[in-house]
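# Residue-level structural notes
The lines below spell out each chain.
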Amino acid sequence: FFFSLSRSMNIRVVSFVLLFIGLALCDYDPPRQIHLALTGNPTEMVFQWMTSLPTEESIVVVSHSNHSFSGTQKTYLPSAGYIHTVKVTGLTPSAKYEYYLGSSSSGWSSTFKFSTAPPQGDRLTRNYILYGDMGIFQYSYYTVEHVTAMVNSDPIEFIYQHGDYGYGNDRDAMFYELSWDLFFDQMTLAMTQVPYMAAPGNHEENCGSSICDVYANNFTVYNNRFRMPYEESGATSNMWFSFNYANVHFVSISTETDFPNCPYPDDTFGDQITWLKNDLQQANANEDVDWIIVTGHQPIYCSVSSKSTVFGVPKGDTRNVQQAFEEIFHDYKVDLYIDGHVHGYERTYPTYRSRVVGNYSQDEYVNPEATVYIVNGSAGNIEGFYDDWHDIIPSWSAKRYWPNPEHGFGVLSVSGSSFLEWTWYRNGITENSTDPQVFDTFSIS
């Protein structure tokens, strides 16, 4: 599909060049690709946006506070644009604000609304959207449509994507930056309203060509276009980080770097394993934390033949991820590990060392004795669905979507200290439905 659009894409690229030249001849260069991010402090919010050219200032104006906040701008490639980052502080938890941003010299955005995080330890019901492997164009169209509709109509706290954004490295090098731009453009209506939290996937490691890998390898674009709370959580970069939201401790890990036998051993960002143990130890000691949820890109349990044996034992990269992280998850009582990478959906029973620990019904886990693992990597992508699922379903697999002719996403609902519910929606296109359809739901209590 993408390459069938080569002529129209070439026209679009030429249009971008002409736009860039036009902007160079005038001062008007308003913000685009606006997105928000959390810091873990309910009185703060991070704002990021792009401009085609550098501006004299990077300003966010927030209503009700009578304050404007300034930040920084940078670029990893001038022709890709300039990334502006502003941290707004001194906000009130659980409050609604209006904002606009930009520069008096180059233009301002429209006015948008956002809400701050609740106080830490808050135990009201909170809903979160999670997915991996989004993509662009028709691959992600319905997911984008449904997620945006939920953000507009339901109380969604934030969106969390665990890797693989525009799949730029699956396309010609000339479309790499455009793929990133189109990803942010398609999510703008949601990203301007709620924080968009991110974790790295394998498709962010490079651009897939020596032409652009000169600047784009080693997760450069991901680490520049997103600003996650790594500094606030004592990490070294966006590759891993954590934050508290209400009574949940969220953690992002890198399943691509910085552990034994990782996929990209030459890309190093620090001592991830020691950081993770220290972080989870602090979370266990925090009386405001009732739940611990970890996200990463690559799975630990997945019943496709390239990821596990016929007996359900992880193999290859999946086994390496298991050996690096599963014992830590078990020792520090991680409730959920949600991943992507595999283009499909699967949910386990509480599992440890490839065995179900305890006795449970299929959709109710009462006092689980181990972590629950969810493969959630089918929001949309250019590569298609995995088709090598084992015919024999492992004992730890509670529900899987196979064959899966359509994409989908998950919604996590946390109610107080003793009830968590997960729902996975397929997009419903097989029934020509305008609404997503529930495929799987389960609870932990």
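Residues numbered from 1 in each chain as written. Predicted model: local features only at pLDDT ≥ 70, side-chain atom pairs only at ≥ 80, totals over all residues. Heavy atoms only, no water.

## Let's talk about the environment of Ile273
We count it as follows: Each helix corresponds to a stretch of at least 4 residues labelled H or I by DSSP, and each strand to a stretch of at least 2 residues labelled E; elements are numbered beginning at the N terminus. Only heavy atoms matter for contacts: two residues are in contact if any of them lie within 4.5 Å across the pair.
The residue Ile273 is located in helix 7 (residues 272-285) in this model. In this structure, the C-alpha to C-alpha distance between Ile273 and Ile34, residues 239 residues apart in sequence, is 33 Å. Filtering out sequence-adjacent residues up to four positions away, Ile273 remains in contact with Asp258, Phe259, Ala324, Phe325 and Ile328.

## With respect to the pattern of salt bridges
Operational definition: By convention in these notes, a salt bridge is any Lys or Arg side-chain nitrogen within 4 Å of a carboxyl oxygen on Asp or Glu. Three exposure classes are used, based on accessible area relative to the maximum for each residue type with a 1.4 Å probe and protein chains only: buried under 20%, partly exposed in between, and exposed over 50%.
Applying the stated criterion to the full structure yields twelve salt bridges. For Asp122, the salt bridge identified is with Arg126, shortest N-O distance 3.0 Å. Exposure class is identical for Asp122 and Arg126. Each is buried. The shortest N-O distance in the salt bridge between Arg123 and Asp290 comes to 2.7 Å. Of this pair, Arg123 sits in the loop between strand 9 (112-115) and strand 10 (126-131) while Asp290 sits in the loop between helix 7 and strand 15 (291-295), placing them 167 residues apart in sequence. Here Asp290 falls in the partly exposed class, since its relative accessible area comes to 25%.

## Let's talk about the state of the cysteines
Stated formally: When two cysteine sulfur atoms are found within 2.5 Å, that pair is recorded as a disulfide.
This model, assessed by the stated rule, comprises one disulfide. Disulfide partner of Cys207: Cys212, at an S-S distance of 1.8 Å. Negative torsions about the S-S bond denote left-handed disulfides, and the value of about 100° found for Cys207 with Cys212 makes this one right-handed. Judged by its relative accessible area of 0%, Cys207 falls in the buried class.

## Let's talk about helix 8 (residues 317-331)
Basically, it comes down to this: In this scheme, a helix's expected span is set at 1.5 Å multiplied by one less than its residue total. To obtain the bend at a residue, axes are fitted to the seven residues ending there and to the seven starting there, and the angle between these axes is taken.
Taking 1.5 Å of rise per residue, the 15 residues of helix 8 would be expected to cover 21 Å, and the 22 Å separating its terminal C-alpha atoms lies within 8% of that figure. For helix 8, the principal kink sits at Phe325 and spans about 40°. Among the residues making up helix 8, those that are buried are Thr318, Asn320, Val321, Gln322, Ala324, Phe325, Glu326, Ile328 and Phe329. As for helix 8, its buried residues are in contact with helix 7, strand 15, strand 16 (336-339), strand 18 (351-352) and strand 21 (372-376).

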